[in-house]
Each structure stands twice: as C-alpha cells, then as structure tokens.
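Commentary on secondary and tertiary structure
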Amino acid sequence: MATVKAPIEWKEQYVENCGKADDSLRSAEKIRDEATWLVKERENETDRAQQDVKFRLQEKVRSTSRWQQELKEELQLNKKQTESLSNGLTKLKKALIKTDEPMKVNSECQNYRKSRIGIDKIEDGVEKLLVKEVNAIREYQQRMKLLIEEMLKQVAANNKAQKNLMTDMKHKKAALNIDTICNKLNNKSGDLENHSRIQDILVNKSVPQSWNRDSQLNVQLSRNCRFSSQQLERDSSNLTRRAENAMKTNWADTNNALRERISQTQLAHSKLADQRKQVEKEIVSTKRELKALKAAHHDKLAPVKLAQTRLEQRSHRPDNEACTDSVHARLLRESLQLEQSKQLLNKKIKETEEALNHLEEDKV
C-alpha cells in the first residue's frame, strides 16, 4: 500500500520537480544555442578555408602560368639563338676549309721556287713573305679550330638548357592542369571522394622559395647560354673577318713581291742577254784578232831565218873582211827586233787566248 504524503510534502515535491525542469530547460536551451553557434561558426570557418584555398589555388595557377609563359619564351629565344650559333658554326667550318686553298697555293709556290739554281737560289723578300703567309694561315687555322670546339660545347650546353626548360615546362603544365582542376572543384562536384589518410602523404620535394628558385635558375642558365652564344658568334665573325683580311693582305704582299722579283729577273735577264750578245761579238773579234796575231807571228819566221842566215853566211868572211860594218850592225839590230817582235806577239797571243777563255766562261 502506497505511503500517503502530506500536503506540505506534495508542495515540496512539486517545487523540486519544477526546479529540475527549469534547469533542464535552461541547459537544453544553452546547448541548443551553442550547437547553433558551432554549426554556423564551423560553416563559416569551412567557407573561409575553402575561399582561402581557392584564392591560393588561383594565385598558384597564375604564378605557374606566368612561369610557364616565361619558360616558353626563354625556350623559343634559346632555340633561335642556338640555330643562329649553329649557322655561325657552319660558316666558321667552311671558312676553315677555305684556308686550305691558299695554303696549297703557298706550298706549291715554295716547291716551285726550290727548283731555282745557282745565284737565283736566294732567300729573297718573296721567300720571307711566303713563310709569313703560311705562318699566318696556320695561326688562324688553329684559332678557328679552338673556336669551333668552344662553339660545339656551347651548342651542347644550349641543348641541355633547352632540355631543362622543357622538363620544367612539362612539370609546370602537369601541375597547372591539376591546380586548375582543383580550383574548379566545389562541394557539389560529382567526383569527390574520401581519402582518409591523404594528410599523411609527404609533399616536400620543394618549398615556394626553392620552387621559384629552380625555375629562375633554369631561365638564368638559358640566358647565360644565349649571352655566351652571342659572344661566340661575334668572336667567330670577327675571327673570320680578321683571317680573311690578313690572308688577302699577305696574298697581295706576296704577289707584289713576286711581280717585283719577276721584273727584276726580267731586267737582269735582258741585261745579261745584251751582255751575252756583246760577249759573243767580242769573242768573234777576239778570235779574229788572235788569228791575225798568230799569222803575224808566223810571218816573222821567214824574216828571222833570213836575218840569221845572213849573219851566219857573213860570219864566214875571211880575215879583215870579217868586219863589224854597218851591214853587220843592222843585221844584229834586225835580228834582235825580230826576236822582240816574236816575244811580244807570243805574249799578246797568250793574253788574247786568256781573254778569249774568260769570254767563253762569261758566255756560259
């Protein structure tokens, strides 16, 4: 049987229940208010986070697009410069090949001049200029070869820089596509999925500073290659021009020296020819004179014999008839004169023969 409560107890119980109900109402109302605030605050936080992510994605897309455009422009400039450098390299190679022709002509000229004989085999101005010419050609050939090696290395460096740019562009394009897609995604996109452990994946290949720095280095490396290529092109053009001018100058100097030498040789030859004619003419005259001298010498033989015979005959005169008369004296003088004439003629014959021998030697 239930215990019967007194009126005062009922009232107290009523008041207590009302108090508990009020406390529950206030607590529920507080929790409801807090829940409403929390939902709104988290919704706002999520909106702010998504807006911030979207803003950063857009910034990243713009930054990547700018880098991609700069990389593309630098790649085009590099390719254009590399093509120009390759053309310059081809021209320099052709210029190097062309130097073989004057070298061949110079070598043939020196070989021909080795066949000179006698007094003409001298180290004249032509010989010195030929040596100067060939030394200059060899010097420029060596400088061209060294520059060709540098240009080949530069072409390889340019190609490597282009490869780095293209790789960076490829990566930028892939990243740009991904970030563009991410920028377009929203809460209502149909291809959203849960990736519960995606936060655990490390994305630490680079940081914004190194990301920018790597692309800057690629661009700067390509620019440095272009500047070096431009300098090599200028060096190639200047070297080719200097080599051409030097070879033309040396060629002209050698030709002028050859013409002068030819003129000198022709003049000497003309003078020698005239002198040879004079020598030949003198030889004829000398031979004629020698013949006359010998004839004169021969003509003195009979008078000598006559004078000597007369002296010998008169030496047989008897006694007082062997007188040193005027006849004897004259015969003695005649005999002496004839002997002197023979000696003079013999001497002159020898002198004439020696002169004739000298003339014959000079003629040769």
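Residues numbered from 1 in each chain as written. Predicted model: local features only at pLDDT ≥ 70, side-chain atom pairs only at ≥ 80, totals over all residues. Heavy atoms only, no water.

What follows covers the pattern of salt bridges. All chains considered together, the criterion is met by 15 salt bridges. For arginine 42, the salt bridge identified is with glutamate 41, shortest N-O distance 2.6 Å. Residue arginine 48 is joined to glutamate 45 by a salt bridge in which the shortest nitrogen-to-oxygen separation is 2.6 Å. Of the two residues, arginine 48 and glutamate 45 both sit in helix 1 (residues 7-98), three residues apart, roughly one turn of that helix. With a relative accessible area of 32%, glutamate 45 lands in the partly exposed category. (Salt bridge = Lys/Arg side-chain N within 4 Å of Asp/Glu carboxyl O. Helix = DSSP H or I, 4+ residues; strand = E, 2+ residues; numbered from the N terminus. Buried < 20%, exposed > 50% of the residue type's maximum accessible area, 1.4 Å probe, protein only.)

Before going further, it helps to spend a moment on the layout of surface pockets. The space that makes up the second largest pocket amounts to roughly 590 Å³. Contributing to the lining of the second largest pocket are 16 residues, with Val53, Leu57, Cys182, Leu185 and Leu192 lying nearest its centre. When contributions to the lining of the second largest pocket are tallied by element, the ones reaching two or more residues are helix 1 and helix 3 (125-184). Top element by residues in the lining of the second largest pocket is helix 1. It accounts for seven residues. (1 Å grid on protein atoms, 1.4 Å probe; cavity = no way out; pocket = protein on both sides within 12 Å on 5 of 7 lines; lining within 4 Å. Points joined across faces, edges and corners; volume = space filled by probe spheres on them.)

To continue, consider the side chain of glutamate 41. By secondary structure assignment, the location of glutamate 41 is in helix 1. At 2.6 Å, the side chain of glutamate 41 forms a polar contact with the side chain of arginine 42. (Polar contact = N/O pair within 3.5 Å; in protein donor to acceptor, adjacent residues only side chain to side chain.)

A few words on the packing of aromatic side chains. For the coordinates displayed, the defined rule picks out zero aromatic pairs. Between lysine 60 and the ring centre of tryptophan 211, over which it is positioned, the NZ or CZ distance is 3.3 Å. (Phe/Tyr/Trp six-rings, centres within 6.5 Å; stacked < 30°, edge-to-face > 60°. Lys NZ or Arg CZ within 6 Å of the ring centre and 35° of its normal.)

A separate point is the nonpolar core. Formed by 19 residues in total, the largest nonpolar core has its most connected members in Leu92, Tyr140, Met144, Leu147 and Met151. If you list the elements that add at least two residues to this core, you get helix 1, helix 3 and helix 4 (208-299). The greatest single-element share of this core, amounting to eight residues, is contributed by helix 3. In this structure, methionine 144 is in contact with Leu92, Ala95, Leu96, Thr99, Leu239 and Ala243, ignoring residues within four places of it in sequence. Grouped together as the second largest cluster of nonpolar side chains are eight residues, Ile283, Leu293, Leu356 and Leu359 included. (Core = buried A, V, L, I, M, F, W, Y, C linked by side-chain atoms within 4.5 Å. Contact = heavy atoms within 4.5 Å.)

Turning to helix 2 (residues 100-113), a few remarks are in order. Since the α-helix packs 3.6 residues into each turn, any two residues three or four apart lie on the same face. Taking 1.5 Å per residue as the helical rise, helix 2 with its 14 residues ought to reach 20 Å, and the 20 Å between its terminal C-alpha atoms agrees with that figure. Residues of helix 2 that are buried: Pro102, Met103, Asn106, Cys109, Gln110 and Arg113. Here the buried residues of helix 2 occupy an arc of 125° about the axis, which is enough to place them on one side. (Expected span 1.5 Å × (residues − 1). Arc of directions from axis to C-beta.)

The next thing to look at is the confidence of the model for the protein chain. For the protein chain, the mean per-residue pLDDT works out to 85, and 94% of the residues sit at or above 70. Mean pLDDT in the protein chain bottoms out at helix 5 (residues 301-314), which sits at 79, and peaks at helix 3, which reaches 93. (pLDDT = per-residue confidence, 0-100.)

What follows deals with the environment of serine 107. Relative to the helices and strands, serine 107 is located in helix 2. Along the chain, serine 107 and threonine 254 lie 147 residues apart, while their C-alpha atoms are 13 Å from each other.

Attention now goes to the packing of helix 4 against helix 5. Between helix 4 and helix 5, the least distance of the axes is 4 Å, while the angle of their chain directions is 20°. Considered as vectors, helix 4 and helix 5 are oriented roughly parallel to each other. Of helix 5, the residues touching helix 4 (which contributes His297, His298 and Asp299) are Leu301, Ala302 and Pro303. The residue inventory of the contact of helix 4 with helix 5, partitioned by class, reads three nonpolar, two polar and one charged. (Axes fitted to C-alpha atoms, helices over the stretch in contact; angles between N-to-C directions. Parallel < 35°, antiparallel > 145°, perpendicular 65-115°, else oblique. Nonpolar A, V, L, I, M, F, W, Y, C, P; charged D, E, K, R; others polar.)

The next point concerns the packing of helix 2 against helix 4. For the pair helix 2 and helix 4, the least separation of the axes is 12 Å and the interaxial angle reads 25°. The orientation of helix 2 with respect to helix 4, classified from their angle, is roughly parallel. The two elements helix 2 and helix 4 cross, and the hand of that crossing is left-handed. For the pair formed by helix 2 and helix 4, the contact residues are Pro102, Val105, Cys109 and Arg113 on the first element and Met247, Trp251, Leu258 and Arg261 on the second. Here the residues of the contact of helix 2 with helix 4 sort into six nonpolar, no polar and two charged. (Left-handed = near helix turned anticlockwise from the far one by under 90°.)

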